[in-house]
Amino acid sequence: MFGIYRKIITTGVLTEKFARKKPGQLALGLHSGDPELDAVGTQLKATIDRRFAGSLHIRQVDAGSCNGCELEIHALNNVYYDIERFGVHFVASPRHADVLLVTGPVSRHMEAALRRTYEATANPKWVIAVGDCGACGGEFGISYASCGAVANVIPVDAVVTGCPPTPLDLMRGILDLFSR
Ligand code: SF4
């Protein structure tokens, strides 16, 4: 508990500065006014066009996170990141998904549900473990209530570390996985 408080105090506020669009920039499709976002997004779109005929579908699974990672994942769909313009779509069912984006640590309560979700996802499928908790159990580790890393429960193809990872980290993680 004290470890978490120490982390909150030492980490501080990480909110990104708002990059103002120039007049008329809203109409420019892939251009957001943030050069880093535009560069990663353009590469992501080209990769998805090449490997998935233009659209990649993701089912997000919260397997026991504190919801910090979910806030960053949700941000991918806001008007700033707007990841759908790059061909990435979040879906409600694993049966419609190419990728499972899983936050951890995997709680014992979610272990069976995560396995069933993995089995329900059609092949070929990929799993991305999100956050330090998804990578190794993070703050929560392995205990009577937690299985720890996502890889302890289902096969994992890529890991995006961070506590939490930023939306750009998540976009880079997807890009790295499919650029291999
Ligand atoms: S990595 Fe950090 S933000 Fe994500 S679930 Fe773990 S403690 Fe929460």
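These figures come from a predicted structure and were not determined experimentally.

Peer 1: Explain the pairing of strand β1 (residues 56-62) here, please?
Peer 2: A regular strand places its side chains on the two faces of the sheet in alternate fashion. In terms of burial, β1 is largely enclosed, as 5 of its 7 residues are buried. The pairing of β1 with strand β2 (residues 88-90) spans 3 bridges and is parallel. By the bridge assignment, Ile58 is partnered in β2 with Phe90. Running through helix α3 (residues 68-75), the crossover from β1 to the neighbouring parallel element β2 is right-handed. In the sheet, β1 pairs with strand β3 (residues 99-103) via 5 bridges, with the strands oriented parallel. In the sheet register, Asp62 faces β3, and the bridge partner there is Thr103.

Peer 1: Quick question: what am I supposed to make of helix α6 (residues 167-179) here?
Peer 2: A turn of α-helix holds 3.6 residues, and therefore any two residues three or four places apart point the same way. When the terminal C-alpha atoms of α6 are compared, their 18 Å separation across 13 residues agrees well with the 18 Å that a helix rising 1.5 Å per residue should span. The complete set of buried residues in α6 reads Pro167, Leu170, Met171 and Ile174. Mapping the buried residues of α6 onto a view down its axis gives an arc of 100°, with all of them on the same face. In this fold, the buried residues of α6 make contact with α2 (35-52), α3, β2, β4 (126-130) and β5 (158-160).

Peer 1: Which parts of the structure should I look at to understand the environment of Pro164?
Peer 2: In this structure, Pro164 sits in the loop between β5 and α6. In the structure, Pro164 is positioned 96 residues away from Gly68 in sequence and 6.0 Å away in space, judged by C-alpha atoms. Leave out the neighbours within four places in its chain, and Pro164 touches Gly68, Cys69, Glu72 and Gly131.

Peer 1: Just to check I follow, could you spell out the packing of α2 against α6 for this structure?
Peer 2: For any two helices packed against each other, one specifies the inter-axial angle together with the distance between the axes. Interhelical geometry of α2 versus α6 gives an angle of 35° and a closest axis separation of 10 Å. Here α2 and α6 pass one another in a crossing that is left-handed. Each of Glu36, Leu37, Val40, Gly41, Gln43, Leu44, Thr47 and Arg51 in α2 lies in contact with α6, whose residues at this interface are Leu168, Met171, Arg172, Ile174, Leu175, Phe178 and Ser179. Across the contact of α2 with α6, the residue classes break down as 8 nonpolar, 4 polar and 3 charged.

Rules used in this analysis
Residues numbered from 1 in each chain as written. Predicted model: local features only at pLDDT ≥ 70, side-chain atom pairs only at ≥ 80, totals over all residues. Buried ≥ 20, exposed ≤ 12 C-beta atoms within 10 Å, placed from the backbone. Helix = DSSP H or I, 4+ residues; strand = E, 2+ residues; numbered from the N terminus. Pairing = 2+ DSSP bridges. Right-handed = clockwise from strand over helix to strand, strands pointing away. Expected span 1.5 Å × (residues − 1). Arc of directions from axis to C-beta. Contact = placed C-beta atoms within 7 Å. Axes fitted to C-alpha atoms, helices over the stretch in contact; angles between N-to-C directions. Left-handed = near helix turned anticlockwise from the far one by under 90°. Nonpolar A, V, L, I, M, F, W, Y, C, P; charged D, E, K, R; others polar.

Purely geometric stuff here, so don't read any function into it on its own.
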